[in-house]
Amino acid sequence: MSSAFALILLRELRVARRIGGSATMGVVFFLCLVTITPFAVGPDPNLLARIGPAILWISALLASLLGLDRLFQADAEDGSLDQFHLAHTPLELAVLAKCAAHWTTSSLPLVAAAPVLGLMLQQDGLALAGVVATLVAGTPALTLIGAIGAAATVTLRRGGLLMALLALPLTIPVLIFGVSAAAAATGGTVPFATPFAILCALTLVSLALCPFAAAAALRQL
Amino acid sequence: MKPALHLHVEGLCVERGGRRVLANVSFALVGGEALAVTGPNGAGKSTLLRAIAGLLPKEAGTLTLTGATEPDIALETHYLAHADGLKAQLTVAENLDFWASYLSTGENARSLPVAEALKVMALAPLAEIPAAYLSAGQKRRAALARLLVAYRPLWLLDEPLTALDAASRARFSAAMRDHCALGGVVIAATHEPLGLDEARELALGKVAERSLV
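Residues numbered from 1 in each chain as written. Chains lettered and ligands numbered in written order. Predicted model: local features only at pLDDT ≥ 70, side-chain atom pairs only at ≥ 80, totals over all residues.

Brief notes about unusual backbone geometry
For Gln122(A), which is not glycine, the phi dihedral falls at a positive 60°. Of note, Gln122(A) is situated in the loop between α6 (91-119) and α7 (125-152). (Helix = DSSP H or I, 4+ residues; strand = E, 2+ residues; numbered from the N terminus.)

Things to note about the interface of chain A and chain B
Facing the 18 residues of chain A at the interface are 20 residues of chain B. Elements that contribute at least two residues to the side of chain A that touches chain B include exactly α1 (2-19), α4 (73-78) and α5 (80-85) of chain A. (Contact = placed C-beta atoms within 7 Å.)

Observations regarding the sheet that holds strand β1 (residues 6-16) of chain B
All names here are of chain B. Taken in spatial order, the three strands of this open sheet run β2-β1-β4, and their pairing is antiparallel. One side of each edge strand has no neighbouring strand; the edge strands of this open sheet are β2 (19-30) and β4 (60-66). Across this sheet, the average inter-strand angle for adjacent strands is 20°, counted without regard to direction. The sheet contact formed by β1 and β2 spans eight bridges and is antiparallel. Residue arginine 16 lies in a different strand from β2, and its bridge partner there is arginine 19. (Pairing = 2+ DSSP bridges. Axes fitted to C-alpha atoms, helices over the stretch in contact; angles between N-to-C directions.)

Concerning the sheet that holds strand β8 (residues 200-203) of chain B
Residues and elements named next belong to chain B. With respect to topology, five strands assemble into an open sheet ordered β5-β6-β7-β3-β8, the strand pairing being parallel. At either end of the open sheet lies a strand with only one pairing partner, and these are β5 (77-80) and β8. Each neighbouring strand pair of the sheet contributes to a mean axis angle of 15°, computed without reference to strand direction. In terms of strand pairing, strand β3 (residues 34-38) meets strand β7 (residues 185-189) through four bridges, oriented parallel. Residue valine 37 lies in a different strand from β7, and its bridge partner there is alanine 189.

Side note on the environment of Gly39(B)
All names here are of chain B. Inspection of the secondary structure puts glycine 39 in the loop between β3 and α1 (45-53). Residue classification places glycine 39 among the partly exposed residues on the basis of 18 C-beta atoms within 10 Å. Sequence separation between glycine 39 and threonine 190 is 151 residues; the distance between their C-alpha atoms is 8.2 Å. When residues no more than four places from it in sequence are discounted, the contact partners of glycine 39 are Lys45, Ala203, Leu204 and Gly205. (Buried ≥ 20, exposed ≤ 12 C-beta atoms within 10 Å, placed from the backbone.)

Focus: helix α8 (residues 160-184) of chain A
All names here are of chain A. Between its first and last C-alpha atoms α8 spans 34 Å; for 25 residues at 1.5 Å apiece the expected length is 36 Å, and the two agree. At threonine 171, α8 shows its largest bend, some 40°, and a proline, proline 173, comes one to four positions later. Regarding α8, the residues found buried are Met163, Ala167, Thr171, Val174, Phe177, Gly178, Val179, Ser180, Ala181, Ala182, Ala183 and Ala184. Elements in contact with the buried residues of α8: α3 (45-65), α7 and α9 (193-219). (Expected span 1.5 Å × (residues − 1). Bend = angle between axes of the 7 residues up to and from the residue.)

Looking at the nonpolar core
By size, the foremost hydrophobic cluster in this structure holds 130 residues, and its most contacted members are Ala147(A), Leu96(B), Ala145(B) and Val149(B). The greatest single-element share of this core, amounting to 14 residues, is contributed by α7(A). If near-sequence neighbours (up to four positions away) are discounted, Ala147(A) is found in contact with Leu71(A), Val95(A), Cys99(A), Cys210(A) and Ala214(A). (Core = buried A, V, L, I, M, F, W, Y, C linked by C-beta atoms within 7 Å.)

A short note on the packing of helix α2 (residues 92-102) of chain B against helix α4 (residues 136-149) of chain B
Residue and element names in this part refer to chain B. It is at 9 Å that the axes of α2 and α4 come closest, and there the two elements cross at 35°. Where α2 crosses over α4, the two elements pack in a sense that is right-handed. Contacts between α2 and α4 pair Val92, Asn95, Leu96, Trp99 and Ala100 from the former with Ala142, Ala145, Arg146 and Val149 from the latter. Within the contact of α2 with α4, the residues separate by chemical class into seven nonpolar, one polar and one charged. (Left-handed = near helix turned anticlockwise from the far one by under 90°. Nonpolar A, V, L, I, M, F, W, Y, C, P; charged D, E, K, R; others polar.)

Quick notes on the environment of Ala76(A)
All names here are of chain A. Along the chain, alanine 76 turns up in helix α4. Sequence separation between alanine 76 and alanine 101 is 25 residues; the distance between their C-alpha atoms is 17 Å. Excluding anything up to four places from it in sequence, alanine 76 contacts Leu81, Val154 and Thr155.

A few points about the confidence of the model for chain B
All names here are of chain B. When pLDDT is averaged along chain B, the result is 86, and 95% of the positions lie at 70 or above. Scored below 50 in pLDDT, residues 207-213 shows 12 contacts in the model against residues more than four places distant or in partner chains. Here the predicted complex scores 0.90 on pTM and 0.87 on ipTM. (pLDDT = per-residue confidence, 0-100.)

In structure tokens, the structure reads:
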């Protein structure tokens, strides 16, 4: 069972490496979002320092949805999805492996870029550490929730926007606790551990539920 | 000696988009037999194959497979459709390696190693080429090689001969004959002769009730 997981993971990583650019694209989009915000809210350093974690989180959320609509579409088009239905390995595990590969190639580069972009928003060392820690804990949930939207829209030619519309409302709890934990890292009334523990719990719940929801959607094709 | 394979399809009805595409299809096959499903475009040939594989829900009827290792038909089935199941960025050998492991049912004695399967389909020189660079016929041959690298007794083939040249057709007909000789079953939707003398035929017409005669 675990070897089937590794098989899909390796195959996806290999395909992503040969296509190339998926990580760069997400990071550049992330950079654009973070860069345009000061133009909108003004270059006041104190304001940016205060809302910086929120800007980074919203940007990471939008950037991580980029490309998620293709999660199952390529497999549906080339016939691989039909073969996944006929394999011993449960479809849920295949979904999980695909999400793991997508997170590694798309969300992990965002996490790595976040400290650099945080410097542009007047974030000090502790705030940067808080943003990185919450992104590491929270972005897997974003990928897993997005997978439900991607599975539900897999047969639609232009399902990207619909996928985002389906997934975004479900990501709100992750965003709330991600931002509050990141903001709590630099002080405040709430200790960092409280919202961070809830954020971790949200990721674990998505890990347990989303593969089943996405696989159920894929079975309805 | 394992018992022979029996596939029974009884009164199969399938609807797609609220329209009944298959009404009351019945037939039975035993190991070693091949069935050519024929009929005009839109007669429900592909629907029949997808329904047997479990990729489409059936409205009514029963499907039973006896004499196989697994009770679940899907796990004993190879399904080949218009989409080849090849990742364009991976080489032919990488694609086949993946499916050989992923679709394996543990019957490795009857599965061919990837290199052998490539030879059977005359793809050995193309093993290290990314699938994106293959012609339509070469892609089809790579997809057919998938049937050989992980043994499964029931082959459901949707237009398997599309885009194949005469030599490849002969090669694939031989592979189907070998599969039947090993006790496997082939069901192929086709407009052309399969190159199997003993193949039975199920003619699907439009709408009318039908069963195998």
